[in-house]
Amino acid sequence: MKIHNTRGGRIFDAVNYVFLSLIGIITLLPFVYVFAGSFATEAEITRRAFFVWPEQFTLGSYEYIFATPAFVRALVTTILVTAVGTLVQLAFTVTMAYPLAKKTLRGRNVILSLVVFAMVFSGGMIPTFLLVKDLGLLNSYWALILPAAINPFSLIIIKNFFQELPAELEESAKMDGATEIGILWRILLPLSKPVLATFALFYAVGIWNDFMSPLLYLSDNSKWTLQMYLRQVTAASDLLGTGNVDPNYIPPEQGIKFAVIVVATLPILIFYPFLQKHFAKGMLIGSVKG
Amino acid sequence: MAAPVIDTLAGERVRKSAPAPRNRGRFSVHFAHYKWLYLLLLPGVVYFAVFRYAPMYGVSIAFKDYVPFLGVNGSPWVGFRNFEDFFANPDFPRLLGNTLILAFLNLGVAFPLTIVLALLLNEVRLSILKRTVQTLVYIPHFLSWTIVASLSFLLFALDIGPLFQLLNTVMGTNIDFLSDPAWFRPLIVLQEIWKNTGWGTIIFLAALATVDQDQYEAAIIDGAGRFRRVWHITLPAIRSTIIVMLILAIGQMLNTGFEQIYLMTNALNREVADVFDTYVYFVGITQGAYSYSTAVGLFKSLVGIVLIFGTNWLAKRFNQSGLF
């Protein structure tokens, strides 16, 4: 159908297109500036108010941060915690989702109701902190992984997905003598790869971006993750009074901050095409009412 | 009263009353048959018991005088004393004010902007432009608050930040936006807009895609212009989505976002920056007042629950479909 367009309509379209393009560009500008700044000299950052291309190209900031043990440690730690954490969280979620997809399993409805209740109400920051403390997980990387091991929303979506798979698949496998675990491992998981990939990304982004858990649970600054390190680097001078930045820490030059931000952002930008596609879908599954 | 939510969220109807009519047999037989499934279920059940339900039980310290040495069970009960202390504390009105002002700024500015952006995107018929703009404005949603805060620190850096220079030149001032308490709230709302407005349009765009195109044609024949079509067709069509999102937003009103506020708080803006979430952290974790801060957190959750049911009731009262 072609909508007849009036003169006023055409003007509106033109203004709208220009306006939206500007919105898009403005959204992107902070990254472009930081990206350009990470390759610029300190003198240029101080002298020029804003630029999207450095006059004098230098890798100095990156050489500096990759020669800083605290940064490299934070980066490696974060990559490892994200990788291990994603696998652990996915394993917890999938193993729980599969039995819950069986409608004949007794106790299933009680457990599902308890899961949903946990979405609505949580113990909150302090009781969770005390629990982690009592479990002896303070200053352990498990404190960044286990408390968030199962996202109830993800659990229910994966459960629904398993439920919708044809039952004949399982029945024929059972005839051949496969156990429930064998069915899950050899038949259901290969079929669910796209769904699992989506939730793996979901968990990975959550761990990578997490600031609150390391802030609460990692007081030992030799164990800090990248987000904690980033905060120390960029905010050191603004932090009077909040009390968890080393007072002897000297804030670095601007270029260093730019480079750390770029490194912390890059993995998200690399995975962004997948994120956009799958998260948009996930968001609609999770929230649109039929 | 939460039962209907349970139905919707679990994606199926949960039977609550009469047991199944068929004969279910002995549990031991059932268990033996399903032992592998129960084994698979175990880690998840243990997770929920330990990391979700134990902290809910731990909330009881809000009514106790928690002593770490005595533990949650051993600490003496004090009734509502922690709550009384909190309501009598001069911090209470200040926190409530700060939290509500930020919440209303987000509801009054960021929320309508999301709808406006969705409407503007919906009017775009050049699909490559639409997709490009969507791709760009969704990006910030995936970045951590640490990165958003760091970007703000650089853009508003004293003397050298691009936005520091631009805004001060335009206004003819010399304001340090990062430490000036008067600029704390605008900065927070600005961050919220930059990070989440784009992403928030997804739901509205999905709702807009379902609007019946024939209505537009009929309206054009009747001589309705662009804005009248939006006003009389588009907006009414997505009204229920707007109401649902508004209810959800109001339910989340007191959750000002711990990470964002915490990262932007400093010694100079504490007076306006402190909200319930960060207060719980400062008083609970850094000062060790566990029971008191748990009471503050519990108060906040309860108000949140009241808000969400209250708005839902209001929405139904005014003949709109509510959330549940």
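Note that the structure is predicted; figures quoted are calculated from it, not measured. Positions within a chain are numbered from 1, following the residues in the order the chain's sequence is written. Following the order in which they are written, the chains are lettered starting with A and the ligands numbered starting with 1. Totals for whole chains, interfaces and linings use all residues, but because this is a predicted model, local features are given only for residues with pLDDT of at least 70 and pairs of side-chain atoms are given and counted only at 80 or more. To obtain the side-chain values, all non-hydrogen atoms of the structure were used and water was disregarded.

Draft legend 1. Region of interest: the layout of surface pockets. Here the term cavity refers to a set of points on a 1 Å grid, laid over the protein atoms alone, in which a 1.4 Å probe fits but cannot get out; the term pocket refers to an open set having protein on both sides within 12 Å along at least five of seven lines, with lining residues being those that place an atom within 4 Å of a point. Grid points are joined across faces, edges and corners, and a volume is the space filled by probe spheres set on the points. The computed volume of the second largest pocket comes to approximately 830 Å³. Forming the boundary of the second largest pocket are 29 residues, of which A:Ile26, A:Thr27, B:Leu190, B:Ile193 and B:Trp194 lie nearest the centre. When residues of the lining of the second largest pocket are traced back to their parent elements, those giving at least two are helix H1 (7-38) of chain A together with helix H6 (91-123), helix H8 (145-155), helix H9 (162-171) and helix H10 (184-209) of chain B. No other element matches H10(B), which puts seven residues into the lining of the second largest pocket. Classification convention: Asp, Glu, Lys, Arg as charged; Ala, Val, Leu, Ile, Met, Phe, Trp, Tyr, Cys, Pro as nonpolar; all other residues, Gly among them, as polar. Its residues assigned to classes, the lining of the second largest pocket comprises 23 nonpolar, six polar and no charged. Comment: elements are numbered from the N terminus, with helices defined as DSSP H or I runs of at least four residues and strands as E runs of at least two.

Draft legend 2. The arrangement of the confidence of the model for chain A in detail. Residues and elements named next belong to chain A. The predictor attaches a confidence to each residue, and that confidence, scored 0 to 100, is pLDDT. Averaged over chain A, the pLDDT score is 86; the fraction of residues at 70 or greater is 88%. Averaged pLDDT values for the elements of chain A fall to 80 in helix H9 (residues 167-175) and rise to 96 in helix H7 (residues 142-145). Should any heavy atoms of two residues lie within 4.5 Å, those residues are considered in contact. A low-confidence stretch, residues 286-290 stays under pLDDT 50, and its non-local contacts, those more than four residues away or across chains, total five contacts.

Draft legend 3. Quick peek at the nonpolar core. Working definition of a nonpolar core: buried Ala, Val, Leu, Ile, Met, Phe, Trp, Tyr and Cys residues. They are joined through side-chain atoms within 4.5 Å. Three labels apply to residues, based on accessible area from a 1.4 Å probe with only protein chains included: buried if under 20% of the type maximum, exposed if over 50%, partly exposed otherwise in between. In terms of nonpolar packing, the biggest core is built from 172 residues, with A:Met96, A:Phe162, B:Phe86 and B:Tyr281 touching the most fellow members. Non-local contacts of A:Met96, meaning those with residues more than four positions away in its chain, are made with A:Ile111, A:Val115, A:Ile150, A:Leu155, B:Leu40, B:Leu41, B:Gly44, B:Val45 and B:Phe48. Core analysis: the next-biggest nonpolar cluster, separate from the first, contains five residues, B:Val211, B:Tyr216, B:Ala224 and B:Ile233 among them.

Draft legend 4. The arrangement of the interface of chain B and chain A in detail. Tallying the contact residues gives 100 residues for chain B and 112 residues for chain A. By buried area we mean the combined loss of accessible area, with a 1.4 Å probe, across both parts when two parts are placed together. Summing the contributions of chain B and of chain A, the shared interface buries around 9,600 Å²; its carbon and sulfur component is 74%. For this analysis, a salt bridge means a side-chain nitrogen from Lys or Arg found within 4 Å of a carboxyl oxygen belonging to Asp or Glu. Linking chain B to chain A there are two salt bridges. Between A:Asp13 and B:Arg226 there is a salt bridge; the shortest N-O distance is 2.7 Å.

Draft legend 5. Main features of the packing of aromatic side chains. Residues and elements named next belong to chain B. Classification of ring pairs rests on two measures: the distance between centres of Phe, Tyr or Trp rings, Trp counted by its six-membered ring, which must be within 6.5 Å, and the angle between planes, read as stacked under 30 degrees, edge-to-face over 60 and tilted in between. Tallied over the entire structure, the rule returns 53 aromatic pairs over all chains. With a centroid separation of 6.0 Å and an interplanar angle of 35°, the aromatic rings of Phe 86 and Tyr 279 are classed as tilted. Here Phe 86 is found in helix H5 (residues 81-88), whereas its partner Tyr 279 is found in helix H16 (residues 276-286), with 193 residues between them in sequence. Overall, Tyr 279 belongs to the buried group, its relative accessible area being 6%. Ring geometry for Phe 177 versus Trp 183: centroids 4.8 Å apart, planes at 90°, classification edge-to-face. Owing to a relative accessible area of 24%, Trp 183 belongs among the partly exposed residues under this scheme. Through a chain of ring-to-ring contacts, the aromatic side chains of Phe 86, Phe 87, Phe 92, Phe 276, Tyr 279, Tyr 292 and Phe 299 assemble into a single cluster. Note on criteria: charge over ring means Lys NZ or Arg CZ within 6 Å of the ring centre, with the direction from the centre no more than 35 degrees off the ring normal. The side chain of Lys 64 reaches across the aromatic face of Trp 77, ending 4.4 Å from its centre. A cation over an aromatic ring shows up here: Arg 270 above the ring of Phe 282, its NZ or CZ 4.3 Å from the ring centre.

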